[in-house]
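Residues per chain are reported as follows:
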Amino acid sequence: MSTLNISWLKNTLANQGQELSLLAALLKAMKALKDDPATPSQEWFEVLNLLVKALDSGQKPGAAISDGDWAILQAEWASLRAALGDQLPTALRPLTLKLSELAIATIPPSKAVGLLSYPLVSATTANTGAATLAGLGFQTSIAANGQAIASVESDSRAPDWASKIGYVNPDAECFFRIGLQGGLGASAGVTASPAWGSIGISASAQGAAFLDHCFNYPSSRYVAQALLNSLEILPAPGKLSSMLETCQGDDFAIASLDVSGTLSLKGNISAGKVLATSFASPTSAAGSITASVGLSASLAVSWALNGDYHLTVRKTGKFATARLERKISKTSGTTIDLSAQLSITGLQAALDPVLAQVFPSAQPLIARLGKLSDLHGLARDTLVQQLGLAGNSEWDQIAQALVDIGTGGGKTAIASLATAIQAELDGFANRYLDQGSAEIQKTSTALITLITGKLEAADIKNANFSQEILAKLQALSTRVDDAVKELANRIHTADASAATQIAQALNIPATGIANFVTQLQGIITPATSAVGKWLASYEAARTRIAQTVAKIESSKLGLALAYSSEQQNDSAVLLEVAFKQDTPASQALYQAFWLGQLDRYPQLLEACKSNGSAEEIQSIFSQTQQRKISYGFELNFFGLLTAAASTTELDKVSVSSDGQGRILAASDSVSLASAVSLNTASSEASLSLNLEMLAIPDSPPPFNAEFKASGDNISQDNVHQFFRLIEDVGAMTSGIGARVENFLFAGPSGTAARVAQTQIDGTCLLDLGQWNRLLQSSPDAVYQATHQSCMKALTSAVRTGAERGGTDGSPAQWLAEWLTYTGWTEQKFWVQASASPSGKAWSDTVLGSPASDQDPFPISDPLTPRAERASLRRLWEIEKISGGARSAWGAVQAEAAFLAQLPAMIPAAPDSQVTIIRNRLSLLSASIRQGFAVAFRYDIPDLQQPIKVSWRFLGLSLALAQLASPDEPLKFIAKLEADEQGQKIGKLFV
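A. Broad picture of the pattern of salt bridges. One pass over the full model with this rule turns up 26 salt bridges. Residue K580 pairs with E615 through a salt bridge whose shortest N-O separation is 2.9 Å. With K580 in the loop between β8 (556-579) and α19 (584-595) and E615 in strand β9 (residues 614-637), this pair connects stretches of sequence that are 35 residues apart. Judged by relative accessible area, E615 falls into the partly exposed class, the value being 43%.

So, in structure tokens, the structure goes:
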């Protein structure tokens, strides 16, 4: 045991409330002996040694120690001595330290510097069991724990929490804290695993409380003396007279009560099923192929309550200032997941024989290519011949010959060199076909660096290869050229049918066969390029198919649908009051602080003000509600393609008042976003609105529309298509797209593939003046503007190819044709569309309502006619987006008017006043969110355009921007960030 261990303070009294009696009796006895003139010792450690000897002998040392304290010490001394053995005197040593010494000491069982830890209670229990209900077997579990700890701490400076509330520790004094800490925890759970899935329910609760009293003492004071001084003036919690009396002295600093707790409930249920089937492989030699489908569904719900209550009372002059911070958070959530997965086993084994049969069908052409059909062998044979080796030489012999050239002989090539040279030269002949003579110098440099490095690693230095390597590579390139010429001569002398077959195998159209033969006769480079491309495509196709089969074998076809909703309600109270006198009113208010009972705070404070017993410094009551809904899908096609789309709806309402119920601030923020991804490419669009009671300079913009596009290896065509729609619809100044392309792809490298990672951001903001102008627009005006803008955006999307699948013509032509088909007026058409719950129901209605002079569409199944249904759905989406915007805008105007009235609202009880306003804003916020969210629900990945901006988002955003600034249409500002050959680049385009 450490000589500074104070765990001896834990005694065996049955009544835990008396566990500090031994410490109190010991301190009083030591103090009595120290103050007794008859005691020869005056230092604390001398007094302690004298007391230990007296207790060991059973002889009371004089009359200074009270009989009660002596009785307590004698009753507990035997058990304490037995527990500590011969280390008893040193175990009591912390009491004899100076505060400055304790501040730098580490005393077990505590691991913190300057802290004495006194374990009072520690208990844990756990149990498991089983039960049966409705034929299901359940496993149950329950656990609980509790602990209590007393602590004493000395520090040369005040802790951060004390400094934050304005406390300043006096110079040359130590911050001395006496604390009690308690904690409780409990959890229970029930689980079941039926054949169809699983069920789980769990509950947990955690609570902790900290009560600290803090003092200022000179650093030279002893711990025992500081403890005695503190116990003598310790104020009673919740009693104002005791606190004010303590504040009359100079030693007291702060009292702190911190209580926190968490209660949570969780439940989940999941179900799943696997279906499997087997079928014969296409080759008799392979085994069967097995396909299995897994279906699963899960529902999870959660609820949690978190609370934190922190009260500090600090000495301010001769008065006491109480500061209360209370935070309560309630959260609830629901998650629904549906998924299906298809996995295939045995496919690779079954298709390998098929691949072997399919690709050798090109052997006749390979035979006609002669030496070019084996470029690897051509490279090896050329080196063997040039180095004067035997015809059956291996790569290790080639490597040794090269080493001999560079060193003059006598040095042995290391084993790894042969493999490295083979890897480099294997690709040289292939690259030479595409790059020509430029590849000779590049490969020569690579080989020289490679071989020299390998030799230097083996302590073989000063090798010289340059001219020899170049000569060997030049000989190899000559042999490749000769082989191509030989092929050209063979094609030239072959009959027409042979030339046709070769040209067809090279993917050359029939109309170009004659030209192809002419090129082979006269120009080597075009023939070389054609042959090289064919060889590359042949090898790449085989590799790609083999990799695809392997991916299908190892990965799955998966589709997941997800929905989640979360809601969090937070309430916070900050009160600070200076207590000056002990009166019935101030005592009631002070006690309310300690108990957290603040319902009568305004009345109690007013009573204190009337008699001058207390004064408010600050008061804030606030509530915040945040709701988030997200839904979407994710598709994984055997690891070859991943596609996902999601929509997120978020709103946040905040209200705060002072202690009299006067509203200080109120705000509502609504955010809608959609995200679409295809492999590594992703596109996002978002719209946010921020409404406030009082706009301040640092407030977020009232309206912000933003789109993003990012991805790895974004091509120039991707960027070109991305900006076509944006510029065509007028969301950006014409020419921005070309400037972005030029910035990304017109660099020295001259290639569209040099940009590894790209992100494009577009932002449209409204200032306060534009926002106020927009607020003057009626909901019907917003509907009309959105309708026109969405029609324009869809028209641009069809014209630029961003929207496909509908009938020929423009959306305006679609509308005219459907009006002719149904005989409806345009107003009836849109009214019917608004009333239809889905695009499918809408198209059924229109297709089933032909005018008397029109031939009805033949509807063979619910999806046909596809093009007509697609056109109708897009028109239906326009109506739904416009109707949602009208509904949302009505709520925006109602909320703006309500916020404007709040400063003049009659004060009331702060908690109830804030709750009423928050509930009102919450209803309006939900209407805004739900109305605008319609424009973000229909975006899906596009295989032909991996990055693009949704025309629905552009239609809504530009409609609101047009109403906000009718004279000067607002544009999106584009910001570009890219990773170009490892370098971060960026630019702003306006």
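B. Molecular detail of the packing of aromatic side chains. On inspection of all chains with the given rule, the structure shows 22 aromatic pairs. Centroid distance F707 to F972: 5.2 Å. Interplanar angle 45 degrees. Geometry classified as tilted. Of the two residues, F707 sits in strand β13 (residues 703-712) while F972 sits in the loop between α30 (951-964) and β15 (973-980), which places them 265 residues apart along the sequence. Both residues of the pair, F707 and F972, count as buried. Ring centres of F829 and W842 lie 5.0 Å apart, and the angle between their planes is 80 degrees; on these two criteria the pair is classed as edge-to-face. Of this pair, F829 sits in helix α26 (residues 826-835) while W842 sits in helix α27 (residues 839-847), and the two are 13 residues apart along the sequence. The pair formed by F829 and W842 is uniform in burial state, with each residue classed as buried. By the ring-pair criterion, three or more aromatic residues cluster together here, those being F707, F722, F723, F936, F953 and F972. It is R886 that lies over the ring of Y783; its NZ or CZ is 4.1 Å from the centre. If you follow R920 out to its NZ or CZ, it ends over the ring of F898, 6.0 Å from the centre.

C. Region of the structure containing the side chain of T800. Within the secondary structure layout, T800 lies in helix α24 (residues 779-800). On the basis of relative accessibility, which here comes to 7%, the residue T800 falls in the buried class. A polar atom in the side chain of T800 sits 2.8 Å from the backbone oxygen of S796. A polar contact of 3.5 Å, which involves the side chain of T800, links it to the backbone oxygen of A797. When residues no more than four places from it in sequence are discounted, the contact partners of T800 are Q721, R724, L725, D728 and Q945.

About the thresholds
Residues numbered from 1 in each chain as written. Predicted model: local features only at pLDDT ≥ 70, side-chain atom pairs only at ≥ 80, totals over all residues. Heavy atoms only, no water. Salt bridge = Lys/Arg side-chain N within 4 Å of Asp/Glu carboxyl O. Helix = DSSP H or I, 4+ residues; strand = E, 2+ residues; numbered from the N terminus. Buried < 20%, exposed > 50% of the residue type's maximum accessible area, 1.4 Å probe, protein only. Phe/Tyr/Trp six-rings, centres within 6.5 Å; stacked < 30°, edge-to-face > 60°. Lys NZ or Arg CZ within 6 Å of the ring centre and 35° of its normal. Polar contact = N/O pair within 3.5 Å; in protein donor to acceptor, adjacent residues only side chain to side chain. Contact = heavy atoms within 4.5 Å.

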